[in-house]
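# Per-entry structural report
Here's the letter readout for the chains.
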Amino acid sequence: MIPLIFDPIYSQLDLPERHRFPIDKYRTLRDLLLSLGAVPTQFLRPKALRPESLEGALCADYIGRFVSGELDRQAMRRIGFPWSEQLVKRTFAAVGGTILAGVLSLERGRAINLTGGYHHAFYDYGAGFCIVNDLYLSALNLIQNHGVERVLIVDCDVHQGDGTASLASGRDDIFTVSLHGEKNFPFRKQHSDLDVALPQGTGDDEYLGAVEAALEQALSVFRPDAVIYDAGADVHADDDLGHFELSTQGIYQRDRLVLERCALLGLPVSAVIGGGYQRDMAALSNVHLQLFRAAGVVG
């Protein structure tokens, strides 16, 4: 069975009424998976990352001020969440989940974290609902602690993985790919190893062609030993923040394309569900579900 990483704290965050972030979607997705045949023993609870373990990877002053609640109002406004101890606990549990998924993918071929994709987090600041960059830290853990030499990060969230690109810049053992909206957030883009910026209104055919071409280029040029996949659902036509026109079936085809191409090469893949901002939790969960259908978790 494919390991699924989940902690109830993923959806335990008190936010102001009508806050833009759909915090309930993680619990709703877990419940949907169980109703469709996933078994409780597939769900593994991650160990929260220890903030002190980030020394050398991220700015110690930034992490320390976040943990203690000493980031100023402007820094928290840039992140987009009000500070709370609950937010600190949730942040490090979520990052721990992506790191665990990475490790388990080496053993099981595939593993999925039911949160993750915090790709707007930089070395010394957070932005866009992202505080600590789980994608980069998982790649770093695989390289430093698990004998992996090269990690490919494939980011299919509608928003560019700017923090990931910045953190991994200058490293020849992490290759970053970002397929995103050219005029969407963040408006000041960074340089990934491979960026594919697509126009508003992009639909299934154009998008799937771009994903296939980018994936083939990255795999042939970089020749990774492991893949981290951000399967953002905010490319969907009904997403409030996406501005693309992908169908639910198109997203399923994208996820299947990535997973099957990596499987054909024998590459382990750890996936995160990424962004998705429909206010209808049932509809949003159904879009995120496509990753799990493509992975063979449910039919």
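Before reading on, note that the structure itself is shown above.
Because the structure is predicted, anything quoted here is derived from the model rather than measured.

## A look at helix 8 (residues 248-264)
Between its terminal C-alpha atoms helix 8 stretches 24 Å, which fits the 24 Å expected from 17 residues at 1.5 Å a residue. Buried within helix 8 we find Gly 250, Ile 251, Tyr 252, Arg 254, Asp 255, Val 258, Leu 259 and Cys 262. Those residues of helix 8 that are buried lie in contact with strand 3 (110-113), helix 7 (204-222), strand 7 (226-230), strand 8 (269-272) and helix 9 (281-295). Of the residues trailing helix 8, Gly 266 is marked for its positive phi of about 75°.

## Focus on the sheet that holds strand 4 (residues 151-155)
Taken together, eight strands build an open sheet; the order of strands is 2-1-3-8-7-4-5-6 and the sheet is parallel. The open sheet terminates on both sides in strands that have one partner only, identified here as strand 2 (43-44) and strand 6 (194-198). Of the strand pairs in this sheet, strand 4 and strand 7 are connected by five bridges, and their pairing is parallel. For Asp 155, the partnering residue across the bridge sits in strand 7 and is Asp 230. On the sheet, helix 8 packs against strand 3, strand 7 and strand 8 and is oriented at approximately 175° with respect to strand 7.

## Comments concerning unusual backbone geometry
A cis amide bond links Phe 185 to the next residue, Pro 186, at an omega of -5°. On the secondary structure map, Pro 186 appears in the loop between strand 5 (174-181) and strand 6. Even without a glycine there, the phi angle at Arg 18 is positive, about 65°. By the element assignment, Arg 18 lies in the loop between strand 1 (4-5) and helix 1 (25-35). Even without being a glycine, Arg 223 presents a positive backbone phi close to 50°. Relative to the elements of secondary structure, Arg 223 occurs in the loop between helix 7 and strand 7.

## Here we look at the environment of Asn 141
With respect to the helices and strands, the residue Asn 141 is situated in helix 5 (residues 134-145). What makes Asn 141 buried here is its relative accessible area of 14%. Between the C-alpha atoms of Asn 141 and Asp 155, which are 14 residues apart in sequence, the distance is 18 Å. If we ignore the near neighbours within four places in the chain, the residues touching Asn 141 are Ile 99, Val 103 and His 146.

Conventions adopted
- Along each chain, the written sequence defines residue order, and numbers are assigned to residues from 1.
- Thresholds applied to this predicted model are a pLDDT of at least 70 for local features of residues and 80 or more for the giving and counting of side-chain atom pairs; totals over whole chains, interfaces and linings are not thresholded and use all residues.
- Values shown for side chains rest on all heavy atoms present in the structure; no hydrogens or waters enter the calculation.
- Going along the chain from the N terminus, every DSSP run of H or I of four or more residues is numbered as a helix, and every run of E of two or more is numbered as a strand.
- To estimate the expected span of a helix, count its residues, drop one, and scale the result by 1.5 Å.
- Only protein chains enter the accessibility calculation, which uses a 1.4 Å probe; a residue whose area is less than 20% of its type maximum is buried, one above 50% is exposed, and one in between is partly exposed.
- In what follows, a contact means two residues having at least one pair of non-hydrogen atoms within 4.5 Å.
- In this analysis, strands are considered paired if DSSP registers two or more bridges between them.
- Note on definitions: angles span 0 to 180 degrees between N-to-C directions of axes, and those axes are lines fitted to C-alpha atoms, for helices only across the stretch in contact.

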